[in-house]
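# Structural features, examined
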Number of protein chains: 2
Amino acid sequence: MNIGLLVIGNELTSGMTQDTNSSFAAGQLNAQGWIVSAVMAVGDDAGAVKGALDYLLGVSDALIVMGGLGPTVDDITTACIAGAFGLSLYTDRPVLKRLKARFAGFNIPWTENNAKQAIFPEGALILNNPAGTACGFCLEQSGKPIIVIPGVPAEARRMMVEGVIPLLAERLGSREQILKRTIKVFRLTESRIDQELSEIDLNIPGVGIGFYPRFPQINLVITSRGTDAAMAKDNLKVAEQRIAGRIGDCIFGYDDETMEGVVARLLTDRGLTLAVAESCTGGLITDRLTDVPGSSLFLERGVVVYSNASKVDLLGVPASVIEKHGAVSKETAVLMAEGVRRLGGTDIGLATTGIAGPAGGTEEKPVGTVFVALSSGEGTACRRYQFRWDRRRNKEISAQIALDMLRRALTGGMETIDGTTSAYYGKICRSSW
Amino acid sequence: MNIGLLVIGNELTSGMTQDTNSSFAAGQLNAQGWIVSAVMAVGDDAGAVKGALDYLLGVSDALIVMGGLGPTVDDITTACIAGAFGLSLYTDRPVLKRLKARFAGFNIPWTENNAKQAIFPEGALILNNPAGTACGFCLEQSGKPIIVIPGVPAEARRMMVEGVIPLLAERLGSREQILKRTIKVFRLTESRIDQELSEIDLNIPGVGIGFYPRFPQINLVITSRGTDAAMAKDNLKVAEQRIAGRIGDCIFGYDDETMEGVVARLLTDRGLTLAVAESCTGGLITDRLTDVPGSSLFLERGVVVYSNASKVDLLGVPASVIEKHGAVSKETAVLMAEGVRRLGGTDIGLATTGIAGPAGGTEEKPVGTVFVALSSGEGTACRRYQFRWDRRRNKEISAQIALDMLRRALTGGMETIDGTTSAYYGKICRSSW
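Being a predicted model, the structure only gives us computed values, none of them experimental.

### Looking at the overall build of chain A
- Along the backbone of chain A there are 14 helices and 17 strands.
- The C-alpha extent of chain A, read off along each of the three principal axes, is 80 × 55 × 40 Å.
- Taking the intrachain contacts of chain A between residues at least 6 apart in sequence as the baseline, contacts between residues at least 24 apart amount to 67%.
- The positive charge centre, built from 44 side chains, and the negative charge centre, built from 47, are 3 Å apart in chain A.

Take a look at the structure:
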């Protein structure tokens, strides 16, 4: 089954707004075993909308149209679509009544422009919007369903999952199974992973592997398709095991798992507590960890020690060490991790200090120099890294590598090397950082 | 001039990768006064590529094609395009030589699949790629330029700006001016802004206003078009002044400015120092502030006080206050701001404490309850907010509102009200939060 996607709005063709709906919708459709024939974005222009509808109907078995159902004058989708198919418009009284009740319930004054959201093409099946005011609708042209939903991302997403997919499944009938598994890899470049995978047999029927770089990590997506669901599942499992056998050392999670989520689970499961001292990462490590619900169970404190005085005050790093070795040094990083662990009374202390850029580099310690230290009851490990990104990306990769260092320590994979110049990590991980 | 955009890749039509190139390209083209006729995304399929090329050539004066120029087997764009227009392919020796030299220069072993990046359709003008290995190229069909560039975002962006736009300007000739100004608004909902703007005269020739919600803020974009650049500029200025006259209280920046950048500039310009104590925001405030180069000039320290013990240790909040009023309370927030300011020895102390969710709410203090406190030499202000988002968004809006509270204090706009229940802010800002 081929599905066409059309997103409508001048904000999309002018580059003002990044369309994320069509990507989300494509992922949903793909997971059902349907193919997206094409995605089109056109402006709020009746001619452009009609041209796109005609093209997409020619190459698709069904169409999903998103955007332009709101109350303002530039919301022209309903009128455009009705015009394109020669349908008249009507106001749906029950929808209008619900709309007004909704406004009253939220104590928002009713304005007449909102009545526009109760207007539909004749013969449309109205689709409920569980997350907003503008309903969607479904038409049929030449036996092909055309489903129209709002463009507000939170609304579009819920309606895709709860309304559009079930409706399409009902209209389009049964389908091939496509199973997916995402493997999350950190510390290997894309080309290095490609090279490693070329050494193993991944020639498994119906199985494909995709590379999806998500800085600073790479997501590998295995897809397995087939009409026999059990066989597709087995094939997926075989591919996953072979990949894990080759680069397992650099796999930190699967599917929806995040690095911070994995670290949080490892800490929580073992009842361990953590304190974090951040200089160059500026709070990003604790920001990520506190995105995980229940992080108060393990996170005792974080300190962002931007000034030397704060490193002395909050971590007990002697001013003489900072003066002698610099705030960005192995010595300072080690004392930061040990200090925050001691003062927080936690099982583990994690610390970063570095030069995120764009200024502040020296010949000996150029921009991108970062020290990460990890202290536990067993000792303290410190590693020096040299990154080569902009300020934000240097922060992001430093936070990720600190979390990964902790993850490896918690899973027994970390050597407690007091190394200061290694840009590499372990045997398999000879990437460029 | 109408330009069509085509992005190619199974990763786009399967929803694996979010296409950001076409949005960037559309913005660049729009700024030149060109119209994007349609954006299309199709998979790595020769038939789909041909169909899309034909459609877009029918509605456009020029085409930009992105993606699928890399070395791997799924990079089929060059072959597809040559096939679609009946052109043969050849290996360009100078490009091949440069490619090999580049690999040698980076000490990366040469593999034969990379030679694919030196293959072009006969007659193509080769476009240099300053940021990567895959060159672009330009063909002409029926007098219409077709420009093909790689899909790697960093490469696509540089090539758009440095290669594609100048080439199109040369091929397509002169154009109308479009000037833009982005006004960044916080604390007003979209509908509230709409209502405020309906009260002023924005009926200015060639001027349009667009709303672009970027949670937790709204960006208003004024566009002014015309062949007379000076008049377009004047019209833009008039619109900007009228909008600022109406909702100026809630405008925190313009164009590329960010809330953290504005706050950083205000602090740096006045030589003021800041210490931040975060509970529910988990380090997000200092993460944002340290994204600004030079933030070490004003940021003395940040503390992420997730445990009650850390609030006592790092901020001097008496345990009895936490016990009596709770960690999430006006009393604790005020003492956090005062404590971090005192212990950091800074001019200003900023603090957040709240319940980000999904758990931890009570009837009196439901999920989304957040207290923000600001302490300076003049006293301490504290406000209570009630948000209604998910955990991440509650963190984001709390961090933004804390930074905005500081911004307002620094620009003289903050009343030092010790209010605890106001969900609103000032006269103009009666939004829902």
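The discussion continues.
### What about the packing of helix H11 (residues 308-315) of chain B against helix H13 (residues 330-344) of chain B?
All names here are of chain B.
- Two elements in contact, H11 and H13, have axes separated by 9 Å at closest approach and are oriented at 40°. With respect to H13, the element H11 is oriented oblique. For the pair H11 and H13, the contacting residues are Lys-311, Leu-314 and Leu-315 in the first and Thr-332, Leu-335, Met-336, Gly-339, Val-340, Arg-342 and Leu-343 in the second.

### Focus: the relation of the copies chain B and chain A
- In screw terms, the move from chain B to chain A is a rotation of 180° and a rise of 0.2 Å along the axis, fitting with an RMSD of 0.3 Å. Expressed as a symmetry operation, the mapping of one chain copy onto the other fits a two-fold axis.
- When the interface residues of chain B are mapped onto chain A, 100% of them are again interface residues, pointing to one common binding face.

### Points about the sheet that holds strand E12 (residues 251-254) of chain B
Residues and elements named next belong to chain B.
- Pairing is antiparallel across the open sheet formed by four strands, whose spatial order is E10-E11-E9-E12. Two strands lie at the open edges of the sheet, namely strand E10 (207-214) and E12, each paired on one side alone. The sheet shows a mean angle of 25° between the axes of neighbouring strands, direction not considered.
- Sitting on the sheet, helix H7 (residues 190-197) is in contact with strand E9 (177-185), E10 and strand E11 (217-226), with an inclination near 160° to E10.
- Across the sheet, helix H8 (residues 229-247) lies against E9, E10, E11 and E12, angled at about 150° from E11, the strand it touches most.

### Re the packing of aromatic side chains
- Counted according to the given criterion, the structure contains 11 aromatic pairs over all chains.
- Both rings, one in Phe-103 of chain A and one in Trp-110 of chain A, keep their centres 5.1 Å apart while their planes meet at 80°; by these two values the pair is edge-to-face.
- Looking at Phe-103 of chain A, the relative accessible area reads 10%, which means it is buried.
- By relative accessible area, Trp-110 of chain A is classed as partly exposed at 25%.
- Their ring planes at 45° and their centres at 6.5 Å tell us that Tyr-90 of chain B and Phe-120 of chain B sit as a pair that is tilted. In this pair, Tyr-90 of chain B is assigned in strand E4 (residues 89-91) and Phe-120 of chain B in strand E5 (residues 119-121), connecting sequence segments 30 residues apart.
- Between Arg-393 of chain A and the ring centre of Phe-215 of chain A, over which it is positioned, the NZ or CZ distance is 4.2 Å.
- Directly above the aromatic system of Trp-389 of chain B lies the positively charged group of Arg-388 of chain B, at a separation of 5.0 Å from the ring centroid.

### Overview of the interface of chain B and chain A
- In this complex, chain B contributes 61 residues to the contact, which on the side of chain A involves 61 residues.
- Buried area between chain B and chain A, summed over both chains or domains, comes out near 4,600 Å², and the portion from carbon and sulfur atoms is 50%.
- Run the count over chain B and chain A and you get 10 salt bridges.
- Asp-313 of chain B is paired through a salt bridge with Arg-301 of chain A; the nearest N and O atoms lie 2.8 Å apart.
- In this structure, the connection of chain B to chain A is made through 40 residue pairs in polar contact (both at pLDDT 80 or more).
- Sorting elements by how many residues they give to the side of chain B that touches chain A places strand E2 (residues 35-42) of chain B first, with seven residues.
- Within the side of chain B that touches chain A, the residues separate by chemical class into 25 nonpolar, 23 polar and 13 charged.
- Looking at chain direction, strand E14 (residues 299-304) of chain A and strand E14 (residues 299-304) of chain B are connected through three bridges and run antiparallel. Within the sheet, the bridge partner assigned to Val-304 of chain A lies in E14 of chain B and is Gly-302 of chain B.

### A look at the sheet that holds strand E6 (residues 125-127) of chain A
- The strand order across the open sheet formed by 12 strands is E6(A)-E7(A)-E8(A)-E3(A)-E1(A)-E2(A)-E2(B)-E1(B)-E3(B)-E8(B)-E7(B)-E6(B), and the pairing between neighbours is mixed. Looking along the sheet, the strands with just one partner apiece sit at the ends: E6 of chain A together with strand E6 (125-127) of chain B. For this sheet, the mean inter-axis angle between neighbouring strands, taken without regard to orientation, is 20°.
- The sheet contact formed by E6 of chain A and strand E7 (residues 136-141) of chain A spans three bridges and is antiparallel. When the sheet's bridge partners are listed, Leu-125 of chain A is paired in E7 of chain A with Cys-138 of chain A.

### A short note on the nonpolar core
- Among the nonpolar cores identified, the biggest contains 66 residues, and Leu-6, Met-40 and Leu-53 of chain A together with Leu-6, Met-40 and Leu-53 of chain B are the most heavily contacted of them.
- Setting aside chain neighbours within four positions, we find Leu-6 of chain A in contact with Met-40, Val-42, Val-49, Ala-52, Leu-53, Leu-56, Ile-64, Val-65 and Met-66 of chain A.
- Counting residues in each nonpolar core, the second largest holds 52 residues, with Val-36 and Met-160 of chain A together with Ala-25 and Ala-62 of chain B among its members.

### Digging into the pattern of salt bridges
Residues and elements named next belong to chain A.
- The final tally for this structure, using the stated rule, is 44 salt bridges over all chains.
- For the salt bridge of Glu-257 with Arg-265, the shortest nitrogen-to-oxygen distance reads 2.9 Å.
- Given the relative accessible area of 40%, Arg-265 is considered partly exposed.
- Overlapping salt bridges, with partners in common, bring together Arg-187, Asp-249, Asp-404, Arg-407 and Arg-408 in one network.

### A look at unusual backbone geometry
Residues and elements named next belong to chain A.
- Residue Phe-215 is joined to Pro-216 through a cis peptide bond whose omega torsion reads 0°.
- Checked against the element boundaries, Pro-216 lands in the loop between strand E10 (207-214) and strand E11 (217-226).
- We note that Asp-255 has phi near 50°; this positive angle belongs to a residue other than glycine.
- With respect to the element layout, Asp-255 can be found in the loop between strand E12 (251-254) and helix H9 (259-270).
- A relative accessible area of 28% means that Asp-255 is categorised as partly exposed.

### A word on the state of the cysteines
- Tallying each qualifying case throughout the model produces zero disulfides over all chains.
- Free of any disulfide, Cys-135 of chain A has its nearest neighbouring cysteine sulfur in Cys-138 of chain A, separated by 14 Å.
- Lacking any disulfide linkage, Cys-280 of chain B is separated from the closest cysteine sulfur, that of Cys-382 of chain B, by 11 Å.
- A relative accessible area of 5% places Cys-280 of chain B in the buried class.

### Considerations on the pairing of E9 of chain B
Residues and elements named next belong to chain B.
- As defined by bridge partners, E9 adjoins E11 across nine bridges and the pair is classed as antiparallel. For Val-185, the partnering residue across the bridge sits in E11 and is Ile-218.
- Summarising the sheet, E9 and E12 pair through three bridges and their orientation is antiparallel. Note that in E12 the partner of Val-185 across the bridge is Ile-251.

Reading the values: rules and limits
- Residues numbered from 1 in each chain as written.
- Chains lettered and ligands numbered in written order.
- Predicted model: local features only at pLDDT ≥ 70, side-chain atom pairs only at ≥ 80, totals over all residues.
- Heavy atoms only, no water.
- Helix = DSSP H or I, 4+ residues; strand = E, 2+ residues; numbered from the N terminus.
- Contact = heavy atoms within 4.5 Å.
- Lys, Arg positive; Asp, Glu negative; His and termini not counted.
- Charge placed at Lys NZ, Arg CZ, Asp CG, Glu CD.
- Axes fitted to C-alpha atoms, helices over the stretch in contact; angles between N-to-C directions.
- Parallel < 35°, antiparallel > 145°, perpendicular 65-115°, else oblique.
- Least-squares fit on C-alpha atoms with pLDDT ≥ 70 in both.
- Pairing = 2+ DSSP bridges.
- Phe/Tyr/Trp six-rings, centres within 6.5 Å; stacked < 30°, edge-to-face > 60°.
- Buried < 20%, exposed > 50% of the residue type's maximum accessible area, 1.4 Å probe, protein only.
- Lys NZ or Arg CZ within 6 Å of the ring centre and 35° of its normal.
- Buried area = accessible area lost by both parts, 1.4 Å probe.
- Salt bridge = Lys/Arg side-chain N within 4 Å of Asp/Glu carboxyl O.
- Polar contact = N/O pair within 3.5 Å; in protein donor to acceptor, adjacent residues only side chain to side chain.
- Nonpolar A, V, L, I, M, F, W, Y, C, P; charged D, E, K, R; others polar.
- Core = buried A, V, L, I, M, F, W, Y, C linked by side-chain atoms within 4.5 Å.
- Disulfide = S-S within 2.5 Å.

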